[in-house]
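# Notes for the structure review
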Amino acid sequence: MSKVIGIVGWKDVGKTYFATKIIKLLVNKGYKVGSIKHAHHDFDIDQPGTDSFKHRKAGSSEVIISSSKRWAKIIENKNKMEKNLIELLEEFQNIDIAVVEGFKKENHPKIEIIEKKSKNTNNEIKNIVAIVSDEIIESNIPVFKKNDIESLVKFIIEKFL
């Protein structure tokens, strides 16, 4: 299984922003990165009217879309249990690290993003290894400023890669 680092925090604190910045810097440094984004709602990756959408709506439980640029596999869960993080990570091949946005109840190492307006740290989240905040926070784990993604990525590389 790949190395994993999670990005967690309250709603609208910039989790996706930090995940994409971390991914981009890791890739620029030569690492192969996979990413997982947890969705709390029904979502579609293909749009109404596309052929793949028509295949799925016709009843296909698995649809693969393929071109010379990329391929994707859509699996209909049909209200079965959602895959857990370990099962999802097993889907990756040939990556150095997985950046996971969400899945705060899973046990992987996580970086928590804290905003001034948020309720401060989320004490029920386990395995927080670093905090990103512009607030002064007393902590026994590293705290990074929001504009210092470079130091955060250096920490990820040193600790996990």
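The structure we're discussing is the one just above.
Here we summarise the structure given alongside this text. Here the structure is a predicted model, which means the values were calculated and not measured. (Residues numbered from 1 in each chain as written. Predicted model: local features only at pLDDT ≥ 70, side-chain atom pairs only at ≥ 80, totals over all residues. Heavy atoms only, no water.)

### What about the overall build of the protein chain?
Counting its regular elements, the protein chain contains four helices and eight strands. Ordered by position from the N terminus, the helices and strands of the protein chain form the series β-α-β-α-β-β-α-β-β-β-β-α. Across its three principal axes, the protein chain shows a C-alpha extent of roughly 55 × 35 × 25 Å. A total of 161 residues make up the protein chain; the buried ones form 36% of that total. A separation of at least 24 residues holds for 53% of the contacts in the protein chain among residues at least 6 apart in sequence. As presented, the protein chain carries roughly 10,800 Å² of accessible surface, and 49% of it is formed by carbon and sulfur atoms. In the protein chain, the 28 positive side-chain charges and the 23 negative ones have mean positions that sit 2 Å from each other. (Helix = DSSP H or I, 4+ residues; strand = E, 2+ residues; numbered from the N terminus. Buried < 20%, exposed > 50% of the residue type's maximum accessible area, 1.4 Å probe, protein only. Contact = heavy atoms within 4.5 Å. Areas by Shrake-Rupley, 256 points an atom, 1.4 Å probe, with all protein chains shown as cover. Lys, Arg positive; Asp, Glu negative; His and termini not counted. Charge placed at Lys NZ, Arg CZ, Asp CG, Glu CD.)

### Things to note about the sheet that holds strand S8 (residues 143-144)
Sheet architecture is open: six strands sit in the order S2-S5-S1-S6-S7-S8, paired in parallel fashion. Each of the sheet's edge strands pairs with one partner strand only, and the pair in question is strand S2 (33-37) and S8. Sheet strands in contact with helix H1 (residues 15-28) are strand S1 (3-9), S2, strand S5 (97-101), strand S6 (110-113) and strand S7 (128-132), and its direction is about 170° off that of S5. Here helix H4 (residues 149-160) sits on the sheet in contact with S1, S5, S6, S7 and S8, set at roughly 170° to S7. (Pairing = 2+ DSSP bridges. Axes fitted to C-alpha atoms, helices over the stretch in contact; angles between N-to-C directions.)

### Details of H4
In a regular helix each residue adds 1.5 Å, so twelve residues correspond to 16 Å; H4 covers 16 Å between its end C-alpha atoms and thus fits that length. Here H4 has its buried residues at Ile149, Leu152, Val153, Phe155, Ile156, Ile157 and Phe160. On the buried face of H4, the contacting elements are S1, H1, S5, S6, S7 and S8. (Expected span 1.5 Å × (residues − 1).)

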